[in-house]
Each structure stands twice: as C-alpha cells, then as structure tokens.
Amino acid sequence: MDGLRVIIGPMFSGKTTELLRVLRKYAIAGYRVVLVKPSTDTRYSSSKVVSHDGLEMDALVVEPTIDGLKKVHNILLDHDIIGIDEYQFFNYSKELIRFLLDLSNDKLVIVAALNLDFRGEPWEVVKEILPYADDIKVLRAVCTHVGRDGRRCGRPAVRTQRLLDGRPAPYNSPRVLIGGRESYEARCRKHHEVPK
Ligand code: ADP
Ligand code: MG
C-alpha cells in the first residue's frame, strides 16, 4: 500500500471521523497502522485523537515540525499506514513535504487538515502538499448560523467561524487558537464573517 491521501474541510466536517474510519479498516485487515497528531492539539485528550462525536484512537504525539517528525521516523518506518490528524498545525518547510512524500513512496500516508484558517486563508503546509495527493476528499459541515428569524442556515459549510464571546473574531486575532464548539462554528461562505 502506498500513496498520499488528503482529507480536507472546515471544522466539524468529519475529517477526524473519516480518518479514524479508514485507519480502523486497514487495522482490521492486518496492516500496521499509526496515527500521528501535533502536540498543538490538546482538545479532549493529550495522547489520543478524539472526534467531536467521541470516537477515539491512540496517537503518537509529535512536535509539529520537521524535527518532531524526524524524532519518530523509525516508528513511522515500522508501519504500513500513517494517518496524520490536524496536519495544518505543522510548520511548513520544503523538507517536511519531502519527508512525507518519501514516506508515501512505500506507505499509505493519509493527512486530515483544515481547508482554511478562521480568516478564510489557506495554510501553507496544506497548500504545498495538495498537488501531490493521489486522492483528495473534500468534506463539508452544516452551517449553523442563526438568522434574525431564529432559524439555522443549514447550507453546506465550507468555512470555520471563530467566535470570541459569541461574536465573530477579528482578522488580527491569532491564527492558532485551540478550541471546540465554544469558539468555533461551521459556516457557509455567506455567513462566514471576519471583521477587519
Ligand atoms: P472534524 O475533524 O472535521 O472537525 P469530526 O470528525 O471530529 O470533525 O466531527 C464530525 C462530527 O461533528 C459530525 O459527525 C457531527 O456529529 C458533529 N458536528 C457538530 N457540529 C456540526 C456541524 N455544524 N456540521 C456537521 N457536523 C457537526
Ligand atoms: Mg478533527
């Protein structure tokens, strides 16, 4: 098994669920499966990947840099399928992309990442790996914006809305702010707001 698969979408679109589903499938088939997560993601658990629905799997926690990946290189080489959750948190370097592509020459590497940050701008590390993907799965969530009539929008959500005290976070708010339902919502294009 080899190649590179990318799962992208906004928060709550089911990226982690999909990644865990595929990894479980291969684990049952007898492949040696390893799941990696950046140490940045401390939501729910520090040593497991946990979906918003509570599905979980043990993870190898790494510092989100090329050096962090190099430290676990031998462990990665010992597996057939390598899943990486929250891939957007890795610091971009050409070397990091090269490292993952080299692994994908004889292993199946599956990365799950946010399509865009809360501002609606791409993550460099995601942008740089996409053209190499053998398969890209784009997921969407449900827009949970509530209109003046009190109804939820319900359109497919392609963006991640950050909220600070219930209001859209301004453009100059920090790019990475770890949070869940209390600070993020899935939104369609029309209801994604980033005050400048
Ligand atoms: P991701 O990794 O993309 O953030 P998860 O796989 O962890 O997503 O969780 C997906 C789950 O989140 C869905 O199955 C659903 O139960 C829940 N969920 C919460 N809010 C939403 C939303 N606005 N749209 C779709 N699913 C949502
Ligand atoms: Mg996730």
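What comes next concerns the included structure. Every value quoted in this text rests on a predicted model; they were computed, and no experiment measured them. (Residues numbered from 1 in each chain as written. Chains lettered and ligands numbered in written order. Predicted model: local features only at pLDDT ≥ 70, side-chain atom pairs only at ≥ 80, totals over all residues. Heavy atoms only, no water.)

Comments concerning the site of ligand 1
Thinking step 1. Residues in close proximity to ligand 1 total 16 residues, the closest being K15, T17, H52, D53 and V142.
Thinking step 2. T17 is positioned such that a nitrogen or oxygen atom in its side chain is 2.4 Å from an oxygen atom of ligand 1.
Thinking step 3. A distance of 2.6 Å is found between an oxygen atom of ligand 1 and a side-chain nitrogen or oxygen belonging to D53.
Thinking step 4. Notes on ligand 1: free accessible area 580 Å², of which the protein chains cover 78%.
Thinking step 5. Its atoms largely coinciding with the cavity grid, ligand 1 occupies the largest pocket.
Thinking step 6. Looking at the shell around ligand 1, the elements that each hand over two or more residues are α1 (15–28) and β9 (141–142).
Thinking step 7. Per-class residue counts for the shell around ligand 1 are six nonpolar, seven polar and three charged. (Near = heavy atom within 4 Å. Polar contact = N/O pair within 3.5 Å; in protein donor to acceptor, adjacent residues only side chain to side chain. Areas by Shrake-Rupley, 256 points an atom, 1.4 Å probe, with all protein chains shown as cover. 1 Å grid on protein atoms, 1.4 Å probe; cavity = no way out; pocket = protein on both sides within 12 Å on 5 of 7 lines; lining within 4 Å. Sits in = over half its atoms within 2 Å of the grid points. Helix = DSSP H or I, 4+ residues; strand = E, 2+ residues; numbered from the N terminus. Nonpolar A, V, L, I, M, F, W, Y, C, P; charged D, E, K, R; others polar.)

Some words on the sheet that holds strand β11 (residues 159–164)
Thinking step 1. If you walk across this open sheet you meet the three strands as β12-β11-β13, and the pairing is antiparallel. Strand pairing shows two members of the sheet lacking a second neighbour, β12 (167–168) and β13 (184–187), which therefore form its edges. (Pairing = 2+ DSSP bridges.)

A few points about the sheet that holds strand β5 (residues 60–62)
Thinking step 1. Taken together, the six strands give an open sheet; going across it, the order is β5-β2-β6-β7-β1-β8, and neighbouring strands pair in parallel fashion. In this open sheet, the two edge strands, each paired with only one partner strand, are β5 and β8 (135–138). For this sheet, the mean inter-axis angle between neighbouring strands, taken without regard to orientation, is 20°.
Thinking step 2. Strand direction decides the pairing type here: strand β2 (residues 33–38) and strand β6 (residues 81–84), joined by four bridges, are parallel. (Axes fitted to C-alpha atoms, helices over the stretch in contact; angles between N-to-C directions.)

A short note on the pairing of β2
Thinking step 1. Taken across its six residues, β2 has five buried, putting it largely inside the fold.
Thinking step 2. Here three bridges tie β2 to β5, and the two strands are oriented parallel to one another. In the strand pairing of β5, K37 is matched with V61. (Buried < 20%, exposed > 50% of the residue type's maximum accessible area, 1.4 Å probe, protein only.)

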